[in-house]
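Breakdown of the fold
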Amino acid sequence: MSENLSGNLSLGPFVLTAAPPGLWFGTQAVEMAHAALELLATIARSAHGATAAQLWPLVSGEPVVDEEQLGEWVGRVNTALGRWTPAWYVAWFPDEEEPRFVLVDATRRSTTMAALPAPRTDIIGRDDAIQRVVSELRAHRFVTVLATGGMGKTTVALAAAHLAASEHPDGVHFIDLAPFVDAELAVQGVVTALGCAASGVEALAALQRWAAGRRALFVLDSCEHVIEAAAQVTEALLGAGPATAVLATSREPLRAAGEWLYRLAPMRLPRPGEAVSASQALDFPALRLFIERAGVPDAGFVLQDAELPLLVALCTRLDGIALAIEIVAARAGALGLAALARQVEQRLLQLPGPPTAAPARHTTLFALLDWSYQLLSPGEQQVLRRLSVFRNGFTLDAAIEVTTGPAADATGVQEDLLDLVAKSLVAPVRGSEPGRLRLLDTTRAYASARLDEARERDAVSRRHALWLASALTEAERRWDGMSRAQWLLRYAPLIDDSRAALDWAFTPGGDVELGIELTLSSFALGRQMLLVDEFTRRVEQTMEALVARGMDPAAKGAGGAISSPHMRLIFLVGCLGTGGSARMQALAPALKSLSAMAPDATSLLHRFGACNSMWALSVAEGDFRSGGEWADRLTQTAEAIADPVAHLVAGRIQAQNLHFMGRHVEATEMARRVLHEAWRTIPLAYNPSPVELRVSMRVVLARALWMQGLPERAAAMALEAMDQARTDSPLAQCQAIVMGSMPVALWSGLDDTARALAAQVTDVETIQGFGYWLRWGKRFGDVLSLRAGSPLPAMQDAGFFDEPDEVLADHLATLDERWLSPSCIQRVEAGMVGWCAPEVLRRLGERALHEAMPASLARGEALLQRSLALARRQGTAAWELRTASSLASHWQARDRAQEARALLEPVLARFTEGFKTADWRAAQGLLAALQ
């Protein structure tokens, strides 16, 4: 037995035992191979986990670590854990020097995408500035560190943020605005970094709601190119409450309300004429920075006393700009100080580059970048300008792939890149991304201009797009073996490069087919980052670009005439669930054609996607009868594919559709069957719902249980769904409340419970910005207000009770007769929806009875009889009780008390719970009156 399995080990709800070796969840044994147990034990023994080198000998005798095979073993461990709880899993950290695996409890708060980068330990001469910024931030809440490029604004701001962190218990959130090319994306970037999901005009409001009541500090870096957006974000954050603070860096003021400017001075130099000895030189930050950067090992530079005046003059000529000093110092060993000073002076006298209106120090830096670029070897120049296509950080391998042309030497590119790092033209990314590099925004802007000058933009952008496609393919493959949180931590940085690559792909020099592939693969990333609106627009733009080029997939018709990427694009649009639009309607013929493709291995997957999309379109239109036909075809296709995951996807759709058609017993059986297999990860290729099966199936069960007359069990199941959703996503939390707990409470007449749930969904919705579910929550809030007799000014609008969303309208019709619309009635009569049909017929019957005309009385009673018969066929005891009460009440008023009692009494007798619900209490009161 391995020493890793010596002694029992508690892992949250699990216990790892040594004798006999095993893993237990309570009293239930968790099925896991011995090697997997060894793996889990080794990882769990340390809070820091275990490296790949430590784990590999446990599963293989091979000397070299096979990362793919080791990942498969970790996947088996996660599969075994996931069958019992989604909250515990082994996370993979592939960017460490040695890949590391750690056991994670997902119920604990995870690191946000806006986490503050690690502090620098090599800051020179900025202590006073850092302390002053902290002081001003404490006094004014909004400080902008103002300076030209390369002065060290970000360094000072980050150091100040670290010092101020203890005063902001709700976190310090760092957002680099440099990668964003326009104002809307900049605002979206801030919102996304905080985990919200709003866009457009809603983004700022969602941001403000998120910050309300929080003592948080926001660091907005590199604001100068999106000044207006940065100002809007800042004012929204500061308007959220008096505890929020903003620290910005920019080359110009944001001019937002309450801004306090801190102008970062150049690095300190001796005064003109001041004599300085070699020992005193280090007291001046500018000189010290030059000496330290020039004197790194192997640089070959040693400062002589006689050269001090020359060094002082040189640093003065560089305006004390930190980046300029570092760039020049990197050349000191090769050129010598005298030659270096002459070249710099010549370059500055020429002053090439920006317009004369640019700030003098910015002109200096631009000139120094140009000077440094001219001194690079042709290979180094090529690498630097080509790196400018990256919007975010990049690894060494990524840099080689994108900058290497057909005849380039990868080894030479690597050496050139390392030389660029040594020359301060490429910088390491500080924080939690070891090995990642980046161009500072000033350097990237300069290098980008050189890329255009070399006429390499399209060729390099193509390689960048191909690299990105490969990286996104890797992300899709890794999805199955990583938690969502760890997957996002690794791949979320690709989002800015995705935007840039998609923008290029649809330019005249771009590649439309590559753009389609990038649209497909990046949508999954955007969806998991809650950027659904933005990437839905990307999908629609892709479709429009195809149409403009005469390549409209919907016009192709026959399945064989449409390429695989085009098919997947059609499926994706269909699965977005925005049925009814002209685009969706236009896609329906192509989807139907694809669903009838010949059954070979490839076309089966296409058929599956087409059926899935057609089901989504049907449901969006509230046509569950048609949805049932597509769900059946989806199930048949899943059987032909013989993939357990395909069966799961089809099972989820069947359970939901069966429920909405009123076949609750079958829906319950199917939902439980799917729930039993919910531990499986659904690959991104299947366009998985952003709400996991363990949540969505519990929602179906909660609703079905209520329909079947088990309201207490329904409420308990809905609560389970909410608990599961907390370790899923904010979107899952919304669905669990809005589709599960709230309807159950409202149908049960537990208005106080529903009101509390409404507050919860409002908190999640308004913070996260999911507009669709926010509408549901608002409408349910209207129901509660009407029940309480509260006036609603919006009721003065003639269209207040008109609800265009068919599925929401069905729910509202079961809660208040005034929402019973002709469209809802027509769909019930046509058999397009079944779950609410008994209640719709009951409300129609009561409406007719209230007319009190002979013909309407007969029609009303007939409708109630239809409702009663349908409820019995469906097994919906809850609807049956309501209809039996309505009919019994009608008969009581017609001196038919004995018939009324004979109808109502056996219905009530079948109830074994729910005695506090409004329906049961009303029925019990009516029965007592009939005695």
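As recorded in an unreviewed UniProt entry, the protein chain goes by Winged helix-turn-helix domain-containing protein and comes from Ideonella azotifigens.

Okay, the sheet that holds strand E3 (residues 22–25) next. If you walk across this open sheet you meet the 4 strands as E1-E2-E3-E4, and the pairing is antiparallel. The open sheet is flanked by strand E1 (9–11) and strand E4 (28–30), the only strands paired with a single partner. Across the sheet, the mean angle from the axis of one strand to that of its neighbour is 30°, orientation sign disregarded. With 3 bridges joining them, E3 and E4 adopt antiparallel strand pairing. Directly across from Trp24, in E4, lies its bridge partner Ala29.

Moving on to the packing of aromatic side chains. Scanning the model with the defined rule gives 17 aromatic pairs in all. Of the aromatic side chains, those joined through ring pairs into one cluster are Phe624, Phe660, Trp706, Trp747, Trp835 and Trp879. Cation over ring: Arg450 sits above Tyr446, and NZ or CZ is 4.7 Å from the ring centre. When the ring centre of Trp835 is taken as origin, the NZ or CZ atom of Arg703, which lies over that ring, is 5.1 Å away.

Before going further, it helps to spend a moment on the side chain of Arg703. Examined against the element boundaries, Arg703 turns out to sit in helix H31 (residues 693–707). Lacking a salt bridge, the buried Arg703 has Asp810 as its closest oppositely charged neighbour, with an N-O distance of 8.3 Å. In this view, Arg703 contacts His659, Phe660, Met739, Pro743, Trp747, His811 and Trp835; residues no more than four positions away in its chain are not counted.

Quick look at the sheet that holds strand E8 (residues 142–146) now. The strand order across the open sheet formed by 5 strands is E9-E10-E11-E8-E12, and the pairing between neighbours is parallel. Because the sheet does not close on itself, it has two edges, and the strands there are strand E9 (172–176) and strand E12 (260–263). On average, each strand axis in the sheet is tilted by 15° relative to the strand beside it, whichever way the strands run. Where E8 and E12 come together, 4 bridges link them in parallel fashion. Within E12, the position partnered with Val145 by the bridge is Tyr262.

This next bit is on unusual backbone geometry. If you check the backbone angles, Ser222 has positive phi at about 60° while not being a glycine. Residue placement: Ser222 occurs in the loop between strand E10 (217–221) and helix H8 (227–238).

A full pass over the atoms with the stated rule returns 43 salt bridges. Of the charged contacts, one joins Arg694 and Glu692 as a salt bridge, the two residues approaching to 2.6 Å between their closest N and O atoms. In this structure, the salt-bridge partner of Asp723 is Arg726, at a minimum N-O distance of 2.4 Å. Overall, Asp723 belongs to the partly exposed group, its relative accessible area being 42%. Linked by salt bridges that have partners in common, Glu839, Arg842, Arg843, Glu846, Arg882 and Asp919 make up one network.

Rules used in this analysis
- Residues numbered from 1 in each chain as written.
- Predicted model: local features only at pLDDT ≥ 70, side-chain atom pairs only at ≥ 80, totals over all residues.
- Heavy atoms only, no water.
- Pairing = 2+ DSSP bridges.
- Helix = DSSP H or I, 4+ residues; strand = E, 2+ residues; numbered from the N terminus.
- Axes fitted to C-alpha atoms, helices over the stretch in contact; angles between N-to-C directions.
- Phe/Tyr/Trp six-rings, centres within 6.5 Å; stacked < 30°, edge-to-face > 60°.
- Lys NZ or Arg CZ within 6 Å of the ring centre and 35° of its normal.
- Buried < 20%, exposed > 50% of the residue type's maximum accessible area, 1.4 Å probe, protein only.
- Lys, Arg positive; Asp, Glu negative; His and termini not counted.
- Salt bridge = Lys/Arg side-chain N within 4 Å of Asp/Glu carboxyl O.
- Contact = heavy atoms within 4.5 Å.

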